[in-house]
Amino acid sequence: LLAAVDESFQGTYDFLYLPIDFKNKCNMGYAFVNFIDPATLAPFYKRFNGRKWDRFNSDKVCDLAFARIQGKHALISHFQNSSLMAEDKRWRPIIFHSSGPLRGTPQPFPLGSHVRARAKQSEEREGGREREGER
């Protein structure tokens with residue numbers, strides 16, 4: 001995804017996250033991109049919306065929509081204590097410098113002070129059974 005976006009839009013966004021299904025180790029089919037300048041959205045929309053992702057073995061079509069959480073700092077705050085921050089670094093959100101000579105280059109993602117551990121599915125199922133049996 002990063003390579004496809006960077007063909008025409010490198011240095012125009014400061015946050016990118018492609019959610020991963022940890023069980024299947026493949027993407028969930030959507031992504032979050034935060035543009036530095038909102039004016040970039042129109043050419044990005046024209047380039048990608050309604051088109052197939054040529055680089056992926058998929059028939060999925062790109063459909064752009066506004067996210068509930070807006071802005072680099074709000075997105076960082078939302079994700080920095082998330083359980084996904086305890087996962088493989090390749091699956092975490094990526095942030096980039098928003099201005100200056102380093103604009104568009106990656107920067108370290110600030111981890112929160114209370115990163116949640118992700119519950120394993122088998123543990124969740126066992127915990128659910130125990131709670132049902134206790135009732």
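Residues numbered from 1 in each chain as written. Predicted model: local features only at pLDDT ≥ 70, side-chain atom pairs only at ≥ 80, totals over all residues. Heavy atoms only, no water.

Observations regarding the overall build of the protein chain
For step 1, the next point in the chain: Within the protein chain, the secondary structure is distributed over four helices and six strands.
For step 2, the next point in the chain: For the protein chain, the sequential pattern of α-helices and β-strands runs α-β-β-β-β-α-α-β-β-α.
For step 3, the next point in the chain: Here the analysis covers contacts within the protein chain between residues at least 6 apart in sequence; of these, 53% occur between residues at least 24 apart.
For step 4, the next point in the chain: Here the protein chain displays about 9500 Å² of accessible surface, and carbon together with sulfur accounts for 50% of that area. (Helix = DSSP H or I, 4+ residues; strand = E, 2+ residues; numbered from the N terminus. Contact = heavy atoms within 4.5 Å. Areas by Shrake-Rupley, 256 points an atom, 1.4 Å probe, with all protein chains shown as cover.)

Concerning the sheet that holds strand β5 (residues 94–96)
For step 1, the next point in the chain: Strand order in the open sheet formed by four strands is β4-β1-β5-β6, and the pairing between neighbours is antiparallel. Taken across any chain shown, the strands that pair with only one partner, and hence form the sheet edges, are β4 (32–35) and β6 (106–107).
For step 2, the next point in the chain: Of the strand pairs in this sheet, strand β1 (residues 13–17) and β5 are connected by two bridges, and their pairing is antiparallel. When the sheet's bridge partners are listed, Phe15 is paired in β5 with Ile95.
For step 3, the next point in the chain: Packed on one face of the sheet, helix α1 (residues 2–9) meets β1 and β5 and runs near 160 degrees to β1.
For step 4, the next point in the chain: Strands in contact with helix α3 (residues 72–79) are β1, β4, β5 and β6; relative to β1, the strand with the most contacts, it is inclined by about 30 degrees. (Pairing = 2+ DSSP bridges. Axes fitted to C-alpha atoms, helices over the stretch in contact; angles between N-to-C directions.)

Let's talk about the environment of Leu18
For step 1, the next point in the chain: By secondary structure assignment, the location of Leu18 is in the loop between β1 and β2 (20–21).
For step 2, the next point in the chain: For Leu18, a relative accessible area of 25% translates into the label partly exposed.
For step 3, the next point in the chain: In this structure the C-alpha to C-alpha distance between Leu18 and Leu2, which are 16 residues apart in sequence, comes to 9.3 Å.
For step 4, the next point in the chain: Beyond its immediate stretch of four places on either side in the chain, Leu18 contacts Leu1, Asn27, Tyr30 and Ala31. (Buried < 20%, exposed > 50% of the residue type's maximum accessible area, 1.4 Å probe, protein only.)

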